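# Topology and contacts: notes
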Amino acid sequence: MQHLAQKLTLVIPTHYRHHYLTRVLTYYKDSGLRPLVIDSTNVPYPELARFPNVDYRHCPNVRFLTQITQPVLDIA
């Protein structure tokens, strides 16, 4: 039987909230989840190396629906 964390994907959209992103990624760091972060900020998240289990997608200047569609389809 698969562990719940292997079946669940936490999708975190963010836009100019890197300080909050650090907080949430720290919270989930040891949860077994592999968070999917979709970041529309112009500058990539500078602390990504601290969170090797994160699937990070940097999508500046892209409409939200376009940003989120492909990564979510990749999960399914």
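One can find the structure itself at the top, above this paragraph.
Summary of the structure given here. Numbers given for residues are sequential positions, taken from 1 along each chain in its written order. pLDDT decides what is reported in this predicted model: residues at 70 or higher carry local features, side-chain atom pairs at 80 or more are listed and counted, and totals for whole chains, interfaces and linings draw on all residues regardless. Side-chain descriptors were evaluated using all non-hydrogen atoms of the structure, hydrogens and water having been removed beforehand.

### Quick word on the nonpolar core
Formally: What makes a nonpolar core is a set of buried Ala, Val, Leu, Ile, Met, Phe, Trp, Tyr and Cys residues whose side-chain atoms join them at distances within 4.5 Å. When accessible area is computed with a 1.4 Å probe and restricted to protein chains, residues below 20% of their type maximum are described as buried, those above 50% as exposed, and intermediate ones as partly exposed. What makes two residues a contact is simply this: any of their non-hydrogen atoms within 4.5 Å.
Core analysis: the biggest nonpolar cluster contains eight residues, these being Ile12, Leu21, Leu25, Val37, Tyr45, Phe51, Val54 and Tyr56. Residues contacting tyrosine 56, with those up to four places away along its chain left out, are Val37, Asp39, Pro44, Tyr45 and Leu48.

### Thoughts on the layout of surface pockets
Quick note on the threshold: Here the term cavity refers to a set of points on a 1 Å grid, laid over the protein atoms alone, in which a 1.4 Å probe fits but cannot get out; the term pocket refers to an open set having protein on both sides within 12 Å along at least five of seven lines, with lining residues being those that place an atom within 4 Å of a point. Grid points are joined across faces, edges and corners, and a volume is the space filled by probe spheres set on the points. Helix and strand definitions follow DSSP, with helices as H or I runs of at least four residues and strands as E runs of at least two, each counted in order from the N terminus. Classification convention: Asp, Glu, Lys, Arg as charged; Ala, Val, Leu, Ile, Met, Phe, Trp, Tyr, Cys, Pro as nonpolar; all other residues, Gly among them, as polar.
Volume-wise, the largest pocket comes out at about 150 Å³. If you go around the largest pocket, you meet 12 residues; those closest to its centre are Leu8, Thr9, Arg34, Asp55 and Ile75. Those elements that place two or more of their residues in the lining of the largest pocket are helix 1 (4–7), strand 3 (55–58) and helix 3 (64–75). By residue class, the composition of the lining of the largest pocket is five nonpolar, three polar and four charged.

### Let's talk about the sheet that holds strand 2 (residues 36–39)
Spelled out, the test is: Two strands qualify as a pair provided DSSP detects at least 2 bridges between them. A fitted line through C-alpha atoms represents every axis, and for helices the fit uses only the stretch in contact; the resulting angles, taken between N-to-C directions, go from 0 to 180 degrees.
Across the sheet, which stays open at both edges, the three strands sit in the order 1-2-3 with parallel pairing between neighbours. In this open sheet, the two edge strands, each paired with only one partner strand, are strand 1 (11–14) and strand 3. Recorded for the sheet is a direction-independent mean angle of 15° between the axes of neighbouring strands. In this sheet, strand 3 lies alongside strand 2 in parallel orientation, the contact comprising four bridges.

### Overview of helix 3
Residues three or four positions apart in an α-helix share a direction because the helix packs 3.6 residues into each turn. The condition is simple: Between the first and last residue of a helix there are one fewer steps than residues, each counted as 1.5 Å, and that sum is the expected span. As used here, the arc belongs to the directions running from the helix axis to the C-beta atoms.
For helix 3, built from 12 residues, the straight-helix expectation of 16 Å at 1.5 Å per residue is met to within 8% by its first-to-last C-alpha distance of 17 Å. Those residues of helix 3 that sit buried are Gln67, Ile68 and Pro71. Down the axis, helix 3 shows its buried residues gathered within 75° of arc, on one side only. Residues of helix 3 that are exposed and angled more than 90 degrees away from the buried face: Leu65, Thr66 and Leu73. Where helix 3 is buried, its residues touch strand 1, strand 2 and strand 3.

### Topic: the pattern of salt bridges
Short version of the rule: Salt bridges, as used here, are contacts in which a Lys or Arg side-chain nitrogen is within 4 Å of a carboxyl oxygen on Asp or Glu.
Counted according to the given criterion, the structure contains four salt bridges. Two residues, glutamate 47 and arginine 50, come together in a salt bridge whose shortest N-O distance is 2.5 Å. Look at glutamate 47 and you get partly exposed, because its relative accessible area is 29%. Note that aspartate 74 and arginine 57 form a salt bridge whose closest N and O atoms lie 3.3 Å from each other. Here arginine 57 lies in strand 3 and aspartate 74 lies in helix 3, a separation of 17 residues in the sequence. Beyond isolated ion pairs, a larger network of salt bridges with shared partners links Arg34, Asp55, Arg57 and Asp74.

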